There are 2 protein chains.
Amino acid sequence: MKAEARITVNEGKYLKLIYRKQHEEFSRVRTTVVAKSVRVRPATVTEMLQNLAEKGLLRYTRYRGVRLTEKGFAEAQKLLRKHRILETLFVRFLNYDVQKACDEASKLDHYASEDLVNTICRAYGHPETCPCNKTIFSHEGCEEKPLGKARWKII
Amino acid sequence: MKAEARITVNEGKYLKLIYRKQHEEFSRVRTTVVAKSVRVRPATVTEMLQNLAEKGLLRYTRYRGVRLTEKGFAEAQKLLRKHRILETLFVRFLNYDVQKACDEASKLDHYASEDLVNTICRAYGHPETCPCNKTIFSHEGCEEKPLGKARWKII
DNA sequence: AAATTTTTTAGGTAAGACCTAACTTTTCCT
DNA sequence: AGGAAAAGTTAGGTCTTACCTAAAAAATTT
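Owing to the predicted nature of the structure, the values given are computational and were not obtained by experimental measurement.

Colleague: Teacher, can you tell me more about the packing of helix α4 (residues 70-94) of chain A against helix α6 (residues 114-123) of chain B here?
Modeller: Think of two packed helices as two axes; the pair is described by the angle between the axes and how far apart they sit. At a closest axis distance of 11 Å, the pairing of α4 of chain A and α6 of chain B adopts a crossing angle of 40°. With respect to their mutual orientation, α4 of chain A and α6 of chain B come out oblique. As α4 of chain A packs across α6 of chain B, the resulting crossing turns out to be left-handed. Across the interface between the two elements, Phe90, Phe93 and Leu94 of chain A from α4 of chain A touch Leu116, Thr119, Ile120 and Ala123 of chain B from α6 of chain B. Split into classes, the residues belonging to the contact of α4 of chain A with α6 of chain B amount to six nonpolar, one polar and no charged.

Colleague: In this structure, what is going on with the protein's contact with DNA strand D? I would like to understand it.
Modeller: With respect to spatial proximity, 20 residues lie near DNA strand D, and among them Arg30, Thr32, Gln50 and Tyr60 of chain A together with Thr44 of chain B are the closest. Of all atoms in DNA strand D that approach within 4 Å of the protein, 78% are sugar or phosphate atoms. Note that a phosphate oxygen of DNA strand D is positioned 3.3 Å from one of the side-chain N or O atoms of Thr8 of chain B. In this structure, a base nitrogen belonging to DNA strand D sits 2.7 Å away from a side-chain N or O atom of Glu47 of chain B. Taken together, the elements giving at least two residues each to the surface near DNA strand D come down to α2 (31-38) and α3 (42-54) of chain A together with α3 (42-54) of chain B. A breakdown of the residues in the surface near DNA strand D according to their chemical character gives eight nonpolar, seven polar and five charged.

Colleague: Sorry, what's going on with empty space enclosed by the protein here?
Modeller: Over the atoms rolls a probe the size of a water molecule, and in doing so it shows where empty space is left. In this structure the tally under the stated criterion is one cavity of 30 Å³ or more. Along its surface, the largest cavity is lined by 13 residues, and Leu86, Phe90 and Leu108 of chain A together with Phe90 and Leu108 of chain B are the ones closest to its centre. Put simply, the parts of the chain that give the lining of the largest cavity at least two residues each are α4 and α6 (114-123) of chain A together with α4 (70-94) and α6 of chain B. In terms of residue class, the lining of the largest cavity is made up of 13 nonpolar, no polar and no charged.

Colleague: Explain the domain arrangement of chain A here, please?
Modeller: Many structure descriptions define interface size as the accessible area lost when the parts assemble. Residue and element names in this part refer to chain A. Splitting chain A by domain gives domain 1 (9-68) and domain 2 (79-148). One C-alpha centre belongs to domain 1, the other to domain 2, and the line joining them spans 24 Å. On inspection of domain 1 and its partner domain 2, the count reaches two salt bridges. With a closest N to O distance of 3.0 Å, Arg84 and Glu24 form a salt bridge. Counting the contacts that link domain 1 with domain 2 gives two residue pairs in polar contact (both at pLDDT 80 or more).

Colleague: Honestly, the protein's contact with DNA strand C in this entry has me stumped. Any pointers?
Modeller: Lining the immediate surroundings of DNA strand C are 19 residues, of which Thr44 of chain A together with Arg30, Thr32, Gln50 and Tyr60 of chain B lie closest. Within 4 Å of the protein, the contacting atoms of DNA strand C are 80% sugar and phosphate, with bases supplying the remainder. Asn10 of chain A has a polar side-chain atom sitting 3.3 Å from a phosphate oxygen of DNA strand C. With respect to DNA strand C, the side chain of Arg62 of chain B contributes an N or O atom lying 3.0 Å from a phosphate oxygen. The residue makeup of the surface near DNA strand C, split by class, is eight nonpolar, seven polar and four charged.

Colleague: Can you walk me through α3 of chain A in this structure?
Modeller: Side chains that are three or four residues apart share a direction in an α-helix, a result of its 3.6 residues per turn. Residues and elements named next belong to chain A. Relative to the 18 Å expected for 13 residues at 1.5 Å per residue, α3 spans 19 Å between its end C-alpha atoms, a close match to the ideal helical length. Those residues of α3 not exposed but buried are Val45, Met48, Leu49 and Leu52. Buried residues along α3 cover an arc of 105° about the axis, so they all sit on one side. Of the exposed residues in α3, those oriented more than 90 degrees away from the buried face are Ala43 and Glu47. The elements touched by buried residues of α3 are α1 (9-24), α2, β1 (58-61) and β2 (65-68).

Colleague: Could you clarify how one ought to interpret the environment of Ala43 of chain B in this entry?
Modeller: Locating Ala43 of chain B in the fold gives a position in helix α3. Its relative accessible area of 57% is what places Ala43 of chain B among the exposed residues.

Colleague: Looking at this structure, I do not really get the environment of Lys82 of chain A. What am I missing?
Modeller: All names here are of chain A. Looking at the element boundaries, Lys82 is found in helix α4. By relative accessible area, Lys82 is classed as buried at 10%. Between the C-alpha atoms of Lys82 and Glu114, which are 32 residues apart in sequence, the distance is 7.4 Å. When near neighbours in sequence (up to four residues on either side) are disregarded, Lys82 contacts Asp109, His110, Ala112, Ser113, Glu114 and Val117.

Cut-off values and rules
Residues numbered from 1 in each chain as written. Chains lettered and ligands numbered in written order. Predicted model: local features only at pLDDT ≥ 70, side-chain atom pairs only at ≥ 80, totals over all residues. Heavy atoms only, no water. Axes fitted to C-alpha atoms, helices over the stretch in contact; angles between N-to-C directions. Helix = DSSP H or I, 4+ residues; strand = E, 2+ residues; numbered from the N terminus. Parallel < 35°, antiparallel > 145°, perpendicular 65-115°, else oblique. Left-handed = near helix turned anticlockwise from the far one by under 90°. Contact = heavy atoms within 4.5 Å. Nonpolar A, V, L, I, M, F, W, Y, C, P; charged D, E, K, R; others polar. Near = heavy atom within 4 Å. Polar contact = N/O pair within 3.5 Å; in protein donor to acceptor, adjacent residues only side chain to side chain. 1 Å grid on protein atoms, 1.4 Å probe; cavity = no way out; pocket = protein on both sides within 12 Å on 5 of 7 lines; lining within 4 Å. Points joined across faces, edges and corners; volume = space filled by probe spheres on them. Domains from an automatic or database assignment. Salt bridge = Lys/Arg side-chain N within 4 Å of Asp/Glu carboxyl O. Expected span 1.5 Å × (residues − 1). Buried < 20%, exposed > 50% of the residue type's maximum accessible area, 1.4 Å probe, protein only. Arc of directions from axis to C-beta.

Written as structure tokens, this is what we have:
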């Protein structure tokens, strides 16, 4: 468990995937399946799982599977929250369709600051689900607070 | 000149910097100055300039300086356009102050698709300058087109 | 023209993401 | 149960990006 250190985009990609599979689809996270979905060889997935384990983001038992730790769970939720709030923005503000919104959000979520995401979240009154109906986790420090003027203004 | 190939975030950072210095501040692009502003050793800057030259984004004469090619010029404008439109969104929609908007835009501009940026551009009626008054270059394919419903709706 | 400053070259390092081939476990069938 | 097939892992690479230091070479200053 290599202590803190920032998470890379790629690590984030795996965390989101694992979270969805495990906590939203209640299915087992299989190396081969992940490999297919990330378009990478199984060996690469194994490597990444070990790496995530070293960083304390999940527990990994070889041949048996994987389970997010508190920290990994939190990190995944943080990312998915960003992702889903961005989706919300793109659909509501720009009229993007769900698929496009999701694609775009995938490109940006990792890089968007929490502050940005929280501000958007507030602007939309703390939505509970994203445009595709997945839940948007709530987050401390994202309540109250003044809103952007856009709220009262016809753009 | 190594043909196409995608530009990395970092390459983009240099292009934006060079563009601003050369075409907006009309000052010479000096290795040492760039090094300071990017917080890197001069040798690293030289290396990057050579690299950008190989990719055909600028012409580089050692000890003498650098000049963007058509391609590099276009690339820089593309990025700055993204940057400035994102700033516009953050200031107008979220009420961000200019500095914060700029910081956030810096993190995202490289990753935002042109489509996204154009859609935002349209939503704000093709603004000509960003919140800090720098010009937002216009872009083919970013005119007309239907707008997001946000335009007619009080959010 | 010397001294100083700036820039470049040469020769590294390190992290991230990948891969193939061979090996080990687990799972599935008969 | 027991062996074949499938799934997962290890070992030992490669490649790209982005850095760095020290020494050498040009350009500037004085």
